[in-house]
Amino acid sequence: MFSPDQENISTSSTKVPVKYGELIVLGYNGSLPNGDRGRRKSRFALSKRPKSNGVKPSTVHVACTPQAAKAISNKDQHSISYTLSRVQTVVVEYTQDSNTDMFQIGRSTESPIDFVVTDTVPGSQSNSDTQSVQSTISRFACRIMCQRTPPYTARIYAAGFDSSKNIFLGEKAAKWKTSDGQMDGLTTNGVLVMHPRLGFTEDSKPGVWREISVCGNVFTLRETRSAQQRGKMVENETQELVDGSLIDLCGATLLWRTAEGLSRTPTVKHLEALRQELNAARPQCPVGFNTLAFPSMRRKDIVDEKQPWVYLNCGHVHGYHNWGNRDAERDGREGRERECPMCRARGPYVPLWLGCEAGFYLDAAPPTHAFSPCGHVCSEKTAAYWSQIPLPHGTHTFHAACPFCAQQLSGEQGFIRLIFQGPVD
């Protein structure tokens, strides 16, 4: 082990960049089904850049002036164009801001996008290609500006700059002139944000979903995702992200964790220790008396013969067996309706999987509860929190979902307490 002084020397010589925070995509249990590659992965760290690349608004040009045309065609000049009619466009030029770093998120794989996000297909933990769906995520969905000096505040804005450093809001996009004469607007499907109340801790409570404009103002939600009419401006709220803020891009939802918040979160190592502890207690199947074991984190989607299974209506944990499977012939191996041999409660019978994405956990307590109907296991506080969050789904509905696989939750609470049978010896 290092002495504290030696440790300081070793870290300062390697000069680790300051980490602002991480974005984690909901619905992936630690990595994408086909593996994380390049800018397409299940989590993305935002770190201080060697040189700032932030921008801030400067000159406003109206309509078809030569300056407006020049601002749009200049590949070295960031600008936002608001098309008001066929004959009138307002162009806002942006200049360098040495105090901020900019990170862009969207579906496009073009170079201005730092984090490529594609539509999340609920429950698709398999390696099948999930890209057949028509995407509702914008190519240049949003941008996050991080302050380069403490407290490293992160602010979110709708829309990102394309390869020509432009953002175009066409005739159909909702846009307006603000009271101080500036322009603002919303993107087609919108960027929604929800900040939790009481931080991302054991006491967290879900907040209210809001929409963020291109200039970072906060609005109540439109009637549907792409309605022309904007919501009401919410004066007393800001676009500053806090630990646990959720960002919805209409097709994928991202969780923002600050570097400080992550330092208090269980690590994958800790989750692995909890898994080993669970297995060391040698839980048994009350029918076959065989010992059950949660598979290692790497084998997180292949059903193992020692895999624990659960009856979702009562929480009794068993090994896989065919007892009481009245629908087995009809439904194959996983009959939806099964009768628990312990208490005769009827309901779905599913394999249990450990939640491996540590960033979704609110605390470091043991995994004692499982989401229904997917069987992902985590701590009680984590299950209770996520089951209360209405996540945007489609263009105008909301429902609670498992953060590890994005499946819509079912049952009264959306999760159950697991009842393990200890070894008989």
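Residues numbered from 1 in each chain as written. Predicted model: local features only at pLDDT ≥ 70, side-chain atom pairs only at ≥ 80, totals over all residues. Heavy atoms only, no water.

**Things to note about the overall build of the chain**
Logical step 1: Looking only at helices and strands, the chain features 6 helices and 28 strands.
Logical step 2: Sorting the 425 residues of the chain into buried and exposed places 49% on the buried side.
Logical step 3: Pairs at least 24 residues apart make up 63% of the contacts formed inside the chain by residues separated by at least 6 positions.
Logical step 4: For the chain, the exposed area adds up to about 20,400 Å²; of that, 51% sits on carbon and sulfur atoms. (Helix = DSSP H or I, 4+ residues; strand = E, 2+ residues; numbered from the N terminus. Buried < 20%, exposed > 50% of the residue type's maximum accessible area, 1.4 Å probe, protein only. Contact = heavy atoms within 4.5 Å. Areas by Shrake-Rupley, 256 points an atom, 1.4 Å probe, with all protein chains shown as cover.)

**Some remarks on the sheet that holds strand β24 (residues 369-371)**
Logical step 1: Taking strand neighbours across the sheet as the criterion, the 4 strands line up as β23-β25-β24-β28 in an open arrangement whose pairing is mixed. Edge positions in the sheet fall to β23 (353-354) and β28 (415-417), since each of these pairs with one other strand and no more.
Logical step 2: Examined bridge by bridge, β23 and strand β25 (residues 376-378) share 2 bridges and lie parallel to one another. Its bridge partner being in β25, W353 is matched across the sheet by H376.
Logical step 3: Against the sheet, helix α6 (residues 380-387) makes contact with β24, β25 and β28, and its axis sits at roughly 30° relative to β24, the strand it touches most. (Pairing = 2+ DSSP bridges. Axes fitted to C-alpha atoms, helices over the stretch in contact; angles between N-to-C directions.)

**Observations regarding the side chain of D248**
Logical step 1: Checked against the element boundaries, D248 lands in strand β16 (residues 246-248).
Logical step 2: Separated by 2.8 Å, the side chains of D248 and R225 make a polar contact.
Logical step 3: Among the polar contacts made by the side chain of D248, one reaches the main-chain amide nitrogen of C250 at a distance of 3.0 Å.
Logical step 4: Filtering out sequence-adjacent residues up to four positions away, D248 remains in contact with G190, V191, L192, W209, R225, T253 and P392. (Polar contact = N/O pair within 3.5 Å; in protein donor to acceptor, adjacent residues only side chain to side chain.)

**What to know about the sheet that holds strand β5 (residues 89-97)**
Logical step 1: Spatially, 4 strands are ordered β3-β5-β4-β10 in an open sheet, and the strand pairing comes out mixed. Each edge of the open sheet is held by one strand with a lone partner, namely β3 (54-62) and β10 (166-169). Taken pair by pair, the neighbouring strands of this sheet meet at an average axis angle of 20°, ignoring direction.

**A word on α6**
Logical step 1: Considered for burial, the residues of α6 that qualify are T382, A383, Y385, W386 and S387.
Logical step 2: If you follow the buried residues of α6, they end up packed against β13 (191-194), β16, β17 (253-258), β24, β25 and β28.

**Description of empty space enclosed by the protein**
Logical step 1: A full pass over the atoms with the stated rule returns 3 cavities of 30 Å³ or more.
Logical step 2: In this structure, the largest cavity occupies an estimated 60 Å³ of space.
Logical step 3: Forming the boundary of the largest cavity are V25, Y28, L32, R40, K41, F115, V116, V117 and T118.
Logical step 4: Of the residues contributing to the lining of the largest cavity, the split by class is 6 nonpolar, 1 polar and 2 charged. (1 Å grid on protein atoms, 1.4 Å probe; cavity = no way out; pocket = protein on both sides within 12 Å on 5 of 7 lines; lining within 4 Å. Points joined across faces, edges and corners; volume = space filled by probe spheres on them. Nonpolar A, V, L, I, M, F, W, Y, C, P; charged D, E, K, R; others polar.)

**Points about the confidence of the model for the chain**
Logical step 1: Averaged over all residues, the pLDDT of the chain equals 88, while 88% of them reach at least 70.
Logical step 2: Low pLDDT, under 50, characterises residues 1-13; the predicted model gives this stretch 3 contacts beyond four residues in sequence or across chains. (pLDDT = per-residue confidence, 0-100.)

**Comments concerning the pattern of salt bridges**
Logical step 1: In the structure shown here, the tally under the stated rule is 17 salt bridges.
Logical step 2: Where E240 meets R155, a salt bridge forms, and the shortest distance between an N and an O atom there is 3.3 Å. With E240 in the loop between β15 (218-219) and β16 and R155 in strand β9 (residues 154-158), the pair connects residues that are 85 residues apart, well separated along the chain.
Logical step 3: Judged by its relative accessible area of 31%, E240 is partly exposed. (Salt bridge = Lys/Arg side-chain N within 4 Å of Asp/Glu carboxyl O.)

**Let's talk about the packing of aromatic side chains**
Logical step 1: Applying the stated criterion across every chain, the model contains 17 aromatic pairs.
Logical step 2: With 6.5 Å between their ring centres and 65° between their planes, F294 and F420 make a pair best called edge-to-face. With F294 in the loop between α4 (268-280) and β18 (309-311) and F420 in the segment after β28, the pair connects residues that are 126 residues apart, well separated along the chain.
Logical step 3: Feature note: the residues F200, F360, Y361, F371, Y385, W386 and F404 constitute an aromatic cluster, connected by ring pairs.
Logical step 4: When the ring centre of W176 is taken as origin, the NZ or CZ atom of R230, which lies over that ring, is 4.3 Å away. (Phe/Tyr/Trp six-rings, centres within 6.5 Å; stacked < 30°, edge-to-face > 60°. Lys NZ or Arg CZ within 6 Å of the ring centre and 35° of its normal.)

**A few points about the pairing of β5**
Logical step 1: Here β5 lies mainly inside the structure; 7 of its 9 residues are buried.
Logical step 2: Examined bridge by bridge, β3 and β5 share 7 bridges and lie antiparallel to one another. Across the sheet, the residue bridging to V55 is Q96, located in β5.
Logical step 3: As defined by bridge partners, strand β4 (residues 78-83) adjoins β5 across 6 bridges and the pair is classed as antiparallel. Bridging from a neighbouring strand, I80 pairs with V92 of β5.
Logical step 4: Connecting β4 to the antiparallel partner β5 that follows it, the hairpin turn spans 5 residues.

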